Each structure stands twice: as C-alpha cells, then as structure tokens.
Amino acid sequence: MSWLRRLFGAGPRLTMEQSLALAAYHARPEIPAATPLATLRCVVVDVEATGLDPFTDRLISIGAVSVEDRTVRLGSGFEVVLCQPQASSRANILIHGIDGTSQLAGLDPATALISFLDYAERAPLVGFHADFDRALIDRAATNALGRAPSLVWLDLAYLAPALLAKPGMAVPQGLDAWSQQFGITNHARHNALADALATAQLLQVVLARAIAAGFTTLADLQRIEKDQRWLGRH
Amino acid sequence: MIADGVTRFLRQYPPFAQMEQEALEFFVAHLDLGYYPAGTAILDPARAGPGLLYIIQRGTVQVMTFAATQSGDAQPVSLGAGECFSVGALLEQRQVLAPYTAVTDTFCYEFPATRFAELLNRSPVFREFATAYLTAMLRESRRLIKMNFTSATGEQQAMGRTLRSLVTRPAVTCAPQTPVEEVLRTMQSLKVGSILVIDEAGRPAGIFTRHDVLDRVALAQCGLSRPISTVMTPDPLTLPAEATAYEAALLIAHRGIRHIPVCDGGRLIGVVTERDLFALQRVSVRAINHNIADADSIGQLQFAASDIRRLARSMFGQGVAAEQLTLIISTLNDALVRRILEIEAGKFPVAGINWCWLAFGSEGRYEQTISTDQDNGLIFDAGTADPGPLRERLLPFAQAVNRDLDACGFPLCKGNIMAGNPQWCMSLDEWREQFESWIADTDPQALLNAAIFFDFRPLHGDDAPAAELRRHLAGLAQGNSRFQRQLAQYALESWPPLGRISDFVTDDGEFKGTIDLKKSGARLFIDGARVLALATGVPHTNTAQRLRQAGSRLNMPPEEIASISDGFFFLQALRLRVQMAANGTLAAANRINPADLNEVDRRILKESLRQARKLQSRIALDYQL
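Participant: Teacher, can you tell me more about the overall build of chain A here?
Facilitator: Helix and strand content of chain A: 10 helices and 5 strands. Within chain A, buried positions represent 39% of all 234 residues.

Participant: Mind showing me how you'd approach the overall build of chain B here?
Facilitator: A count of helical and extended segments in chain B gives 24 helices and 21 strands. Of all 625 residues assigned to chain B, the portion counted as buried reaches 44%. Of the contacts made within chain B by residues no fewer than 6 positions apart, 72% connect residues no fewer than 24 positions apart.

Participant: Teacher, can you tell me more about unusual backbone geometry here?
Facilitator: Most peptide bonds are trans, and most residues other than glycine sit at a negative phi. Going from Phe85(B) to Ser86(B), the amide bond is cis rather than trans, its omega being -10°. Of note, Ser86(B) is situated in the loop between strand E6 (84-85) and helix H3 (87-92). Here the phi dihedral of Asp69(A) falls at roughly 50°; this positive angle occurs in a residue that is not glycine. Relative to the elements of secondary structure, Asp69(A) occurs in the loop between strand E2 (59-68) and strand E3 (71-81). For Asp69(A), a count of 11 C-beta atoms within 10 Å translates into the label exposed. If you check the backbone angles, Asn555(B) has positive phi at about 60° while not being a glycine. Looking at Asn555(B), the number of C-beta atoms within 10 Å reads 6, which means it is exposed.

Participant: Even after reading the chapter, I still don't get the packing of helix H5 (residues 109-120) of chain A against helix H6 (residues 130-145) of chain A, so can you show me in this structure?
Facilitator: For any two helices packed against each other, one specifies the inter-axial angle together with the distance between the axes. Residue and element names in this part refer to chain A. It is at 9 Å that the axes of H5 and H6 come closest, and there the two elements cross at 125°. Taken together, the axis directions place H5 and H6 in an arrangement best described as oblique. As H5 packs across H6, the resulting crossing turns out to be left-handed. Contact residues: Pro109, Ala110 and Leu113 in H5; Ala140, Ala141, Asn143, Ala144 and Leu145 in H6. Here the residues of the contact of H5 with H6 are counted per class, giving 7 nonpolar, 1 polar and no charged.

Participant: Looking at this structure, I do not really get helix H7 (residues 156-164) of chain A. What am I missing?
Facilitator: Each α-helix turn comprises 3.6 residues. Residues three or four places apart therefore point the same way. Among the 9 residues in H7(A), 7 count as buried, and that is most of the element. Of the positions making up H7(A), those classed as buried are Leu156(A), Ala157(A), Tyr158(A), Leu159(A), Ala160(A), Ala162(A) and Leu163(A).

Participant: I'm lost on the nonpolar core in this one. Help?
Facilitator: If you look at soluble globular proteins, the nonpolar side chains tend to sit buried side by side. One finds Leu325(B), Leu336(B), Leu358(B), Leu378(B) and Ile379(B) to be the most contacted residues of the largest nonpolar core, which totals 130 residues. Per-domain counts for this core show at least three residues from each of domain 2 (322-434 + 456-469) and domain 3 (479-625) of chain B. The contact partners of Leu336(B), leaving out residues within four places of it in the chain, are Ile292(B), Leu301(B), Ala304(B), Ala305(B) and Cys408(B). The next biggest cluster of nonpolar side chains, apart from the first, holds 105 residues, and it includes Leu22(A), Ala130(A), Leu175(A) and Met19(B).

Participant: What is the right way to look at the sheet that holds strand E17 (residues 376-380) of chain B in this model?
Facilitator: Within a beta sheet, neighbouring strands are joined by backbone hydrogen bonds and run either parallel or antiparallel to one another. Residue and element names in this part refer to chain B. Read across the open sheet, the 4 strands follow the order E18-E17-E16-E19; overall the sheet is mixed. A strand with exactly one partner marks an edge of an open sheet, and here the two such strands are strand E18 (425-427) and strand E19 (457-461). Ignoring strand direction, the axes of neighbouring strands in this sheet form an average angle of 30°. In this structure, strand E16 (residues 355-359) lies alongside E19, joined through 4 bridges in antiparallel fashion. By the bridge assignment for E19, Ala359 is matched with Arg457. Contacting E16 and E19, helix H14 (residues 322-345) crosses the sheet at an angle of about 40° to E19. This element, helix H16 (residues 387-407), spans E16, E17 and E18 of the sheet and lies at about 150° to E18.

Participant: Honestly, the interface of chain B and chain A in this entry has me stumped. Any pointers?
Facilitator: When the parts of a complex come together, some accessible area is lost, and that lost area is often used as the size of the interface. Facing the 17 residues of chain B at the interface are 19 residues of chain A. Of all the secondary-structure elements, those providing two or more residues to the side of chain B that touches chain A are helix H1 (2-10), strand E1 (32-36) and strand E8 (106-112) of chain B. Its residues placed into classes, the side of chain B that touches chain A shows 9 nonpolar, 3 polar and 5 charged. For E3(A) and E1(B), the ladder comprises 2 bridges, and the chain directions are antiparallel. Across the sheet, the residue bridging to Thr71(A) is Gly34(B), located in E1(B).

Participant: Hey, could you run me through the pairing of strand E14 (residues 259-264) of chain B in this one?
Facilitator: The side chains of a regular strand alternate between both faces of the sheet. All names here are of chain B. In terms of strand pairing, strand E13 (residues 239-240) meets E14 through 2 bridges, oriented parallel. Counted as the bridge partner of Pro240 is Cys263 from E14. Across 6 bridges, the pairing between E14 and strand E15 (residues 267-273) is antiparallel. Note that in E15 the partner of Cys263 across the bridge is Leu268. The turn joining E14 and E15, which pair antiparallel and follow one another in sequence, is formed by 2 residues; a positive phi near 60° is taken by Gly265.

Participant: What exactly am I supposed to notice about the sheet that holds strand E4 (residues 125-127) of chain A here?
Facilitator: The sheet built from 9 strands is open, its strands ordered E5(A)-E4(A)-E1(A)-E2(A)-E3(A)-E1(B)-E8(B)-E3(B)-E6(B) with mixed pairing. With one partner strand each, in any of the chains shown, strand E5 (153-155) of chain A together with E6 of chain B form the two edges of the open sheet. Direction of pairing for E4(A) relative to E5(A): parallel, over a ladder of 3 bridges. Residue pairing in the sheet places Leu125(A) in a bridge with Trp153(A) of E5(A).

About the criteria used
- Residues numbered from 1 in each chain as written.
- Chains lettered and ligands numbered in written order.
- Predicted model: local features only at pLDDT ≥ 70, side-chain atom pairs only at ≥ 80, totals over all residues.
- Helix = DSSP H or I, 4+ residues; strand = E, 2+ residues; numbered from the N terminus.
- Buried ≥ 20, exposed ≤ 12 C-beta atoms within 10 Å, placed from the backbone.
- Contact = placed C-beta atoms within 7 Å.
- Axes fitted to C-alpha atoms, helices over the stretch in contact; angles between N-to-C directions.
- Parallel < 35°, antiparallel > 145°, perpendicular 65-115°, else oblique.
- Left-handed = near helix turned anticlockwise from the far one by under 90°.
- Nonpolar A, V, L, I, M, F, W, Y, C, P; charged D, E, K, R; others polar.
- Core = buried A, V, L, I, M, F, W, Y, C linked by C-beta atoms within 7 Å.
- Domains from an automatic or database assignment.
- Pairing = 2+ DSSP bridges.

Laid out in structure tokens, this is it:
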C-alpha cells in the first residue's frame, strides 16, 4: 500500500476499491484542448450546499447531465446526495428541498465523489457561476479523497454574455434570466439535477452559437471565457 | 427526476397523452434533447433517413408539405411544441420528402430510430397514431400521382376542374323568336361556333351550331326569316357548373356533341366546348370517337386504337384519376369494338339473329387499362330452336372480330375466352345452364370461370338476352350460400404481398424483385367487391360501384368504403403508369419493383395493399373463413 500512500499523501483513509477507482481515474488521459466542439462531451454540473459561501459551506448534492454531440443525454442524468455530519438549517433545506433525513442518509463523501468523477470521466465540467460549484467540489474532494481533481471547467456565466449578448440590449443576469430569454423551462429550480438540465440547454445554445461564429475547439471556448473574465474585471 | 419533467411535458400532447404508462416510460428513457438555432435544417431529403424521431419541446419547425414542394405556391406547415416528425419517414425507413427547418430557436426531444419498431410494438396507441398518419397520406395520392407523372402540364389542366372554372366568357345567346338570319350574323361577327337559345328565365331552350347550318338551313332551304327555335336542337344536354371537366369529356365521348351548355341553378352561365377541354391535346375524345364512327376499315380503327392509348397517356398526365380514366378508356374501347362489330356484321350472314356481344373481365367492369387482352363472348336467342346452326353462322363472324381486335392492340386471350371459341358462343339457354353448372360445381376451375364470367356486360347487339341472363344469374347466386362462400374463399386465396415487418414480399424467378399489381393487387379488390355485390344483390359489374353500393347495404362506414376504393384506384393508377412506361410490352405490363418507386408512392402502395387486406378480413369475418 505504500505506493498508494505515496501517490495520495497521508490523506483520508480510503478503502481498497476507492483507492483503485481513484487511481484509475487519475490515470485517464486529460481531454485535449483541440477536441472539436461539435462532438465534445461536456458534463453540466450544479451543486446544492449548506449555504452560499464556497469556503465554509459544505457540499450537499451534485446533479449532472451530459451533453454530447451537442445533444443533452437525458437518460444519463447523475444525482448524488453526500452524507452530512449534521443536517443543514431549515432555511437552507427549504431552498433545495433535501431534507435532514436524506442528508444524513446520503452516500459517504468519498464514494459519492468517486462516482461523480467516474461519471464525468475527463469531460470538461460546465456550470453557471461554475466557480462556486468548482470550489465546493474541489474542497469536498480534498477532504474526502485527499486531493482536488484536475478538471477543465467552463463557466456559462462568462460564455453566455460573450457569445449570446445582443448589441443594444441588456445582458441577462443569472441563469434564470438567460433561461427565460431562450424559453428554457426548469420544472424544479434549486434541484441540482433540474438546474443542471436547464444549464445544459443554455450550453446547447452557446455551443451552437460558437460553432456558427466559426469557433471549433474546446480551446476556443476556454479563450473566450478567459477574455470575458478579463473584461468583467475591467 | 428528469424523466418526470419530460413525462409531464409529453402528457400534454397526443399521442403521449393517451399512451400506455409503461410504453411512455420506455419512450422517455430513451430520449435525448437537441437544440437547433433558427435557420437550421433539422432533417433534409438530401441526407439519409432520419436517425431520430423528433418531438418539439419548444420552438417552431417548418416543413414544406411534400405535395407543395413540387408546385409553385408551396405552403409551409408549421409544427409547434408537442408535435412529432417525421413519423412517415421512420415508418417507411426512408429519407424525408422535404426539409424540416427550425424557424425559431428550437429544442427537440429525440428518440432513436433504432428503437422505433420496439415503440410501435409496445404501444398500440402510438401504432394507431402512426397508422392514422399514413391514411391521411393516402388521401393525397391522387394529387401526387399527377405531380409525379408530369410536372409540366401542371394543375391548370386537371380534369378535375369544375366547368365553372373553365367557362371563360359568357355564352352567346339569343331569344327563341330571333330570326335565323340575325343569328347567323351574330355567330359570324363574334366568330363563335354555337349559339344558345334561352328562354325568359335564362334557361337554355336549345342550341344551334355551325354544323347545323348546312343540314338545317342551307340544304333544307329554310327561310332566313324563320325564328331560330324552328331549326335549333331543342333541350340540349347541359351540365351543372360544379360538374368536372372529365364529366364533360365523358358526355362528349358518349354523345358525340361538341358544345355543352353549363348551368348554375338552371340558368345558363356559359358553354364548354371540346376545344376548351382538350386545348392542349393532340387527340381528343370526340375526335377519336368521330374517327371510330367514320372508320370503315380495320386499318383506320388501328389508328384510332393507338389514339386511345395516346389520349389515355395525356389525360393521365393531366391528373385524371384512375377511376375516370379507366372509364373513359373503356368507353372509347367500347366504341371501337362496336364499330368493328358493325363492320364485320356486314361481311357475314348474321342478319336476323338476335345476338349480343358480351364483354367480360376488366372490360365488363369498365376498368380497362391500356394493356388488356380480350375477354369476350356471344349470346344469342335461339328460342326453342337448336342453337347449333345459329352458332355455326355466328362463329366465323366472331372469329373475324377477335382477329380485328388483336390487330387493334387487344391480344387474343390466352385462356381462349373469346366469342370465336364455340364454347363461349352460346344461346341464352346454354349460358343459363353453363352458369347453373358452375354454381352447382365445387371444382375450382368452375369457380374461376364463374368469377370471370360474372362480370359480363352487353356491349353491342340485342341487349335482351344479356339482360335476361343477368336477371337469372342474380337470383341464382344470391340464394346460394354455398356458392357465395366458395367465391369468398376464392377471393381470399391470394394475399396482399405485404411482409410481416413492413416490407413487400416480391416474386422470384423471371420477375424477381417485383410484385404483380394485377394478380396481387387490383384482383384482391375486384374479387372482394364481387363477393360483396353478390351477397347484397348489387347488379353492377364495376368494382368501385360494387364497393359503394354493397358497402352501404352492409352498413360499412363511408370512410372505410372510400379508403378501400382509394386503395384500389391507386393500384389501378400504378398499373396505368407501368403500362404507359412499358409501351406495349405485355409480359411485364403489371409488374412493378417497389424499390423503383419513389418514397411517396411506395408508402401509398403499402397502404393500398393494407386496404386490400382490410377488405379481405371483412370477407373472412363475414363468411367465417
């Protein structure tokens, strides 16, 4: 077991299966930046947490759905609730609807996170305000698995305004406003999976527009996002 | 979780609203969600068949209806949330007929084509939905045939047009008391071939045409000051404004008239002439009729026979439906046969015999296509005398007629069912006995004979013995349930060449890959209709008439009767098309390779054959076969 310990450091204690699964995961090749957008597989993620502070609040659930060949694979939805040491506040429960019993009955965080990573493979993860999702997932993974997964993230909060904003019109703010503009319905807001589904549809629009505008690869999207972040700061 | 939302969405729309829960779960479990920005072609005829069934989640998709794509004024159909496409393409495993384009940003649920068959299997509700869709397609069939056959002539010359739309200028009219001289001046100055004489109420009282001038005015030396009413043709044949061009064509063919007054509520609104109807045709119904009537040699009649085929081709291209077209062909062929009979009767010592020429088979049913071999016979009244000597006098005459018909493009019957065969040249009593023995017999050949000969009609000569035979036969068959049952069994002997999966079952051997549109198609309807007609005492020989009249007596829903007739006529139309393309090579005259058909026709052919199956199932049920 020494080589495994060396690999992951003296982190949390994982079972043999968990360690092997994690090793297999990290052995996967990273997604090439030149992957064409038309066939790219993305995993759209939304998380629910005990609060809105990415540095102190805990991850409660992950919802994800994959977009492949620009099509939402509806049958491939992923949803997991992480076992909490204690239930979150009543006000928080009212937001996401995951009650105390469910929170306490969730999967142990290591298993939950490994199954999520297995689901995502090495596909780029996409979120709306993805920094929040990324921070929570990375912190939960560091705690439970010993290290944060190194994944490509795309944030629609930057990509959508960069690619979809219409000149002379107010830029929609937030997922709800963007959804409304494209008629995307969400039948269960603040359910991680339902929000991921709505985000996935926004991603479809973004991908279609990007391809129509002549962008072809994952790297193009990353560059657009980077530029937009820079714009946002200035 | 996702499935719940999708299910809730789909449940708002047919056929998902009615769909079995289990089938819907299966359906939803295999859905994806696609996005198509405005302007994207989702499906395109240029590409392979759709790999997916699309259900619009939101947005709008436009499709040019396949009928519209070929005419100038294409009317796009818009599809919105909850609508599916393209069911037809998936059912038939073909590419779509027209592009499906997102006109607004559109999201579609997508179901894989590879699971479509399983969906049909799992969900009777969806199956019904898909079938109803196909039936609607069949209704379009006539329009499609027209467009597929000839895009050049276009809709304008369609023989289905109403006479109202053909009347381009008001008729030239005069009052009954107008002097002949004034009428002639009017006709001369307006350069019209006819003038309508109308009464005070605007109703046509008579017609006077340029052809009448010679006979009734010039040669008769009638005074030019006399009122026109004394030389006009009184009470002319008229047609209502809503009658179609083909009805006018039929009237022209039957009566040999050139001008047909068109009336609306009894009042004259105009005149339709032969020229109006066939302005763009090289040969016209009346001209052929005229040539036939004037012919005094078989050589001339051969020309007329080829004119009939040319006319049929031209009218078919103009969109005349199979029912009307086969009727017109039969009518003209009748005239041809009559003329041959008249010519030959003058050469043989048959005067003084009450004979009648009988048409059997397709000719007997007024369903002649272009390549039709002969099926005929003779009936004569021998009274109490020995029919033998009369037959000896008639046979050389009949044989000459058979040869003439062959020369005119009606090949001799392979089964020798011809009037020149002593077996089918019989007295009324002999025919009676013959039918009685067929009906009493259980031998399959006897049954086959009864079926062929049952569709007889008198074509020329003395109608009385033929009418008497028909009366006798109706009583004989209607009272004989065993015979009816046997005939029903015979009608069920061949089945539509449809495979279990949804493909055609084609033949092997010489005609590998083809199906016989007559034997495995039209015949199924003809035999079925004959059974129904016999059971209900309908005297008609025409298949459509039999279906309509027997069907209504059997309380079949009118839509069902219409669907079955449509199926029959589509097969007839296909036969005509094949025969026109084959240009007289008889061997393959009824053969078609389904793979050679365009997608629309193939689909309609399939549905037509299903209609045959429906008719057969009804008969099987009625006779518990």
